[in-house]
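Structure at a glance
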Amino acid sequence: MSDSITSSLQEHRVFQPSPEFSRRSHVKSMDHYRSLWTRSIDDPESFWAEAARELHWFKTWDKVLDWNEPYAKWFVGAKTNLAYNCLDRQIDAGRGNSTAIIFEGEPYADGKPLEIRKLTYRQLRDEVCQFANALKSIGVKKGDRVTIYLPMTPEAVVTMLACARIGAAHSVIFGGFSSQAITDRVIDAQSHFIITADGGYRRGTTVALKKSVDEALKATDLVKKVIVLKRTGESVNMTPGRDVWWHDAIAGQSNDCPAEPMDAEDLLFVLYTSGSTGKPKGIQHTTAGYMVGTYLSTKYTFDIQPNDIYWCTADIGWITGHSYVVYGALNNGTAVFMYEGAPNYPDFSRFWDIIERHKITIFYTAPTAIRAFMKAGLDYVKKHNLSSLRLMGSVGEPINPEAWMWYHEHIGSSRCPIVDTWWQTETGMHMITPIPGATPTKPGTATLPFFGVDAAIVDRNGNELGPNEGGLLVIRKPWPAMLRGIFNDPDRYKKQYWSDVPGMYFTGDGARRDHDGYFWIMGRVDDVVNVSGHRLGTAELESALVAHPAVAESAVVGIPHEMKGQGLAAFVILKSGYSASDALKKELSDQIAREIGSFARPDQIRFAEGLPKTRSGKIMRRLLKEVAGGGGVKGDVTTLEDFNVIAKLSASDEG
Ligand code: WT7
């Protein structure tokens, strides 16, 4: 197999951080970034030890890193507690009365939200300790796995921190997952406890969480206790002896609960993510390395400053919620804003309304959301004053240059730096990202590696490729927040991540570096298509389509083609005000020919109303391939958000 991926999308715009932003930030220039990065690579142990010394340890390490490829141990011999660092350490530093969490529930009437709650660091510690004692009272012990299936409310954060405080590992399941997903994950994690709610608010209605748990538990009797938070007040069945209300569980519990000194390598959590085989993988993260990696990346990537009000829109059910809503953010003592519901409830101005009312300074969201806002139109944005923003982020998939520009101009008023952060559930922390006061940004690239990260583009044998040669994105040195394995499946860890390229962690992504060394992610390697010998990253084709004024969103997949090996099928969602026509199809094909090359003209262009997505917003390309191939959808669709999309796509116009 040839490893070079043809890359033709050119982007020449460069944006420098403003001198005022740089002057006030932790890393003030490219020289400063380079000297820190060089030190972090030449002497990772002293670099990471220095970062770790900013945190609290019951006992410090004997050795910073023990590396026996592919097995890493960080801060060997140390004892610490991540919940203690996020709470007690802040209180000891004088932040007890500072805001830890600002929460806004979804329900909204008469032009305002019906529920806003604020918790200081001291109040949050009290709630965490009380709930930690409740967990102990139902029998949770150090080393147990606790399943969390909650809406995005402060109790979700309280539960995670309570587990961390007593040394139980959490396994958070996103509230949009079905009962089948709960059963599978409970069984794989061998979890005896579930923390859930009657329901949560989403898009003007409620999601019946407890009902899904009841359904899931028909298929397994592993679970001994279920704690149920009363959130929506809808009626639920409580199984005597097994189910207990949250308010009953905490009644009479003390708000004093000593933090368990955890070994550096004790399991902190398991988080399930999808793999190419379909069976979800329980990604394992341990205590100290994850703590230090998420602490430092939050500090530098988001340039956290004392008066920030920080909002990461991710649900705690994803790694972004774990690392950058909960652990990294609280460990930096910042004020974390949390919103329970949907971005378009009651309409597409909700996020902008929130930013204005709460004076959010740092805003971190996903390209799929940005494209949805672009599609909805500027009227929603224009009604709001977004001048509190000083920094914005993007995560989850490559951000098309056009979406980046829209975000930059209309949300950031051409003033706020954008950090396009590349990382994975497995990496635990940002790996490739701008440092906002230092790195000049270009729309569509995650730019340069974070400190301590030795990222490279290589071929299958691990040989580094030259500028603009597309290849495999690998990490060549261990980093503190790296996954420590796959729960219940130790062999899969080595096979999945450390076998494709000898001696290196293979990310599964294809990418190239430009002449400035910037990384351009081209998508997952299995999303790479080979057309007439040209290997193309589908993300680039999609960006070319989205650059057309009529296109809101697109997905390109490879389909079998007699002559070319693989052909291309493009699914296109139009912005409101545009309609499908053969003339537009021709224009889009010309657009690709212009931006990428004639060889990349799609074989099919299909206009569609929506794309099949997982609940986390990832396009399910496999389903699109099946639709484009004309054979109907056969594979597993349990993670699909909206089943109607598939029916409509199958009937969509093909070219
Ligand atoms: C995959 C990891 C990291 C939290 C959310 C997703 C893609 C992620 C970017 C980015 C281009 C990106 C990659 C990666 N990805 N961020 N900024 N630019 N691609 O976590 O579900 O583990 O997915 O998401 O393909 O490998 P995940």
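Think of each chain on its own: its residues are numbered from 1, step by step along the sequence as written. Residue-level local features of this predicted model are given only where pLDDT is at least 70; pairs of side-chain atoms are given and counted only at 80 or more, and the full residue set underlies all totals for whole chains, interfaces and linings. Side-chain measures were taken over the full set of non-hydrogen atoms in the model, leaving aside hydrogen atoms and water.

1. What about the environment of H32?
Runs of H or I in DSSP of at least four residues are treated as helices and runs of E of at least two as strands, each being numbered from the N terminus. Topologically, H32 is positioned in helix α2 (residues 30-42). Taking the C-alpha atoms as reference points, H32 and G437, 405 residues apart in sequence, are found 10.0 Å from one another. Setting aside chain neighbours within four positions, we find H32 in contact with H26 and V27. Contact criterion: two residues are considered in contact whenever any of their non-hydrogen atoms come within 4.5 Å of each other.

2. Overview of unusual backbone geometry
With an omega of 0°, the peptide bond between E69 and P70 qualifies as cis. Mapped onto the elements of the fold, P70 is located in the loop between β1 (63-68) and β2 (71-76). With an omega of -5°, the peptide bond running from Y345 to P346 counts as cis. Mapping P346 onto the fold places it in the loop between β19 (335-339) and α13 (350-358). For D110, which is not glycine, the phi torsion reads 50° and is therefore positive. Its location among the elements puts D110 in the loop between β5 (108-109) and β6 (112-113). Located in the positive-phi region is K359, a residue other than glycine, with phi close to 55°.

3. Topic: the domain arrangement of the protein chain
Accessible area lost during the coming together of the parts is what is often quoted as the interface size. The split into domains, and so the bounds of each, comes from an automatic or database assignment of domains. Taken as a whole, the protein chain is organised into domain 1 (18-111 + 285-452 + 492-503), domain 2 (119-260) and domain 3 (528-650). One C-alpha centre belongs to domain 2, the other to domain 3, and the line joining them spans 40 Å.

4. A few points about the side chain of S25
The residue S25 is located in the loop between α1 (19-24) and α2 in this model. In this structure the side chain of S25 is engaged in a polar contact, spanning 3.3 Å, whose partner is the backbone oxygen of V27. Among all residues touching S25, those that are not within four sequence positions of it are D303, Q305 and G437. Definition of a polar contact: a pair of N or O atoms within 3.5 Å, with one able to donate and the other able to accept a hydrogen when the atoms are protein atoms, and with sequence-neighbouring residues admitted only if both atoms are side-chain atoms.

5. What about the sheet that holds strand β27 (residues 519-524)?
When DSSP locates at least two bridges between a pair of strands, those strands are taken to pair. Strands sit in the order β23-β24-β26-β27 across an open sheet of four strands; the sheet is antiparallel. With partners counted over all chains shown, the strands left at the sheet margins are β23 (455-458) and β27, one partner each. Direction aside, the axes of adjacent strands within the sheet are offset by 45° on average. Orientation is described by axes fitted as lines to C-alpha atoms, over the contacting stretch for helices, and by angles from 0 to 180 degrees between their N-to-C directions. Packing of helix α18 (residues 538-546) onto the sheet brings it into contact with β26 (505-513) and β27, and relative to β27 it is tilted by some 105°.

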